[in-house]
Amino acid sequence: MESDFSTLAGLRTITEHEGLLLAPYAVRGQASRGRRYAEPEHAYRGPFQRDRDRIVHSAAFRRLSGKMQVFTKDMGDYHRTRLTHTHEVASIARTIGRALRLNEDLIEALALFHDIGHPPFGHAGEAVLDACLRDVGGFSHNRHALTIAEELEIRYTEFPGLNLTHEVLEGQKMRADKRAFPLAYLEVQVVDVADSITYDAHDTDDAVKLGLVTLEDLARLELVAEMLENVRRRFGALSPNLMRQAVVHELIDAQVSDVLRAAGQYLSSTAWDSPEAARNSDFRLGPSPPMRRKKEKLERFLYSQVYRHPKLRGGRLRAQEQLRTLFQTLVEHQEQLPRRFQQRAASVGLKRSVADYLAGMTDRFCERIFAQLTQGKAIG
Ligand code: MG
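Read on for a plain summary of the structure.

Thresholds, definitions, all that
- Residues numbered from 1 in each chain as written.
- Predicted model: local features only at pLDDT ≥ 70, side-chain atom pairs only at ≥ 80, totals over all residues.
- Heavy atoms only, no water.
- 1 Å grid on protein atoms, 1.4 Å probe; cavity = no way out; pocket = protein on both sides within 12 Å on 5 of 7 lines; lining within 4 Å.
- Points joined across faces, edges and corners; volume = space filled by probe spheres on them.
- Helix = DSSP H or I, 4+ residues; strand = E, 2+ residues; numbered from the N terminus.
- Nonpolar A, V, L, I, M, F, W, Y, C, P; charged D, E, K, R; others polar.
- Donors = N, O, S within 2.8 Å, 3.2 Å for Na, K, Ca; no water.
- Buried < 20%, exposed > 50% of the residue type's maximum accessible area, 1.4 Å probe, protein only.
- Phe/Tyr/Trp six-rings, centres within 6.5 Å; stacked < 30°, edge-to-face > 60°.
- Expected span 1.5 Å × (residues − 1).
- Contact = heavy atoms within 4.5 Å.

### What about empty space enclosed by the protein?
Right, so step 1: Evaluation of the coordinates by the stated rule reveals one cavity of 30 Å³ or more.
Right, so step 2: Roughly 40 Å³ of volume is contained in the largest cavity.
Right, so step 3: Elements with a minimum of two residues in the lining of the largest cavity: helix 9 (166-176) and helix 10 (186-209).
Right, so step 4: Considering each element in turn, the lining of the largest cavity owes the most residues, three residues, to helix 9.
Right, so step 5: Here the residues of the lining of the largest cavity sort into three nonpolar, two polar and one charged.

### Quick word on the coordination of the magnesium ion
Right, so step 1: For the magnesium ion, the full set of protein donor atoms is His85 (NE2), His114 (NE2), Asp115 (OD) and Asp195 (OD), and the range of their distances to it is 2.2 to 2.6 Å.
Right, so step 2: We note that the donor set of the magnesium ion lies within a single chain, spaced as H-x28-H-D-x79-D. With histidine 85 in helix 5 (residues 82-99) and aspartate 195 in helix 10, this pair connects stretches of sequence that are 110 residues apart. In this pair, the class of histidine 85 matches that of aspartate 195, namely buried.

### Examining the packing of aromatic side chains
Right, so step 1: On inspection of all chains with the given rule, the structure shows eight aromatic pairs.
Right, so step 2: Relative to tyrosine 307, the ring of tyrosine 303 has its centre 6.5 Å away and its plane inclined at 85 degrees; by these criteria the two rings are edge-to-face. Here tyrosine 303 pairs with tyrosine 307, and both are found in helix 15 (residues 289-307), just four residues apart, close to one helical turn.
Right, so step 3: Taken together, a centroid distance of 5.2 Å and an interplanar angle of 45 degrees make the contact between phenylalanine 341 and tyrosine 357 tilted.

### Looking at helix 19 (residues 363-374)
Right, so step 1: With 12 residues, helix 19 extends 17 Å from end C-alpha to end C-alpha; this agrees with the ideal 16 Å at 1.5 Å per step.
Right, so step 2: Every buried residue of helix 19 is listed here: Asp363, Cys366, Ile369, Phe370, Gln372 and Leu373.
Right, so step 3: Buried residues along helix 19 sit in contact with helix 16 (310-332) and helix 18 (350-359).
Right, so step 4: Two residues or fewer past helix 19, glycine 376 is found with a positive phi of approximately 75 degrees.

Keep in mind these values describe shape, not function.
Pasting the structure below:
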């Protein structure tokens, strides 16, 4: 079907396109292990392109715009949301993937999917749901992404969920449990690496812009000091805003270049003739040892000086209290749950179904439902 359409329209097929661009160790759409519910091939979109489109058109993806990354919406509108974080990860991951001649479609689908399971209020919200579900297996945003993709999204008449390819679902399973699934394709590894590059850079940017720390504080860290030095050498003195932005650009560029230098050297010397050969090897994509050490120092700083900043504490505790109260109330009054989650409780258990409902909420929706509940109104 693919070749018929392409011949008619004079287009290059996905298979031809991948054959021209991809390295032998890249995953190929043509070799995909397919979907749980078999579907005919699309005339001109490859399987991973279709996955990307399904993810972008899902309700869970759109709701990422209302979910916080680190900073809440009452702290302004400059900083990242879960959605803009996701786009930055996809952008950086595609850059790395293209340079290494990996499958960019698969990388993009994996990147856009990677945080789709986050509940409201970031990791603070996740910790509450995990504690609420402690006796029934806990809650993890990485696992919840799979539940969304396989069960919760309702977009097609023929099957539940998004019916994504085996490769995208497997990549997410690897994020959820690295010990059970240690052998990730390079495309999966790229997204992991890009996620870390992205949050190290943008949390630095947001924290300085919000005034939680200063560039001078950060300059005590070797990595930031080096970036400042590069910027000063190239541009001389800059205004604080331009300096912050230039440092963030450098942070991304230095980390991406470091990964590519290390990986490029290794990959050009291998004789891998398949993606399986790459994932079964000892090679793991990542920062060079010196960059890893510098990143760890930056991450420790961000953890203690930004993520644990007193200005974030009040909001975090309030959000956690809201989510905990909502969970307990809905477990005691399941008639208040939307009908589909009442029905779902019969198959997955009441606690899990309540958590699935809560995890789908944006921050603002969660606050609104909490307000209705505490005013004694029916929720919904
Ligand atoms: Mg992320």
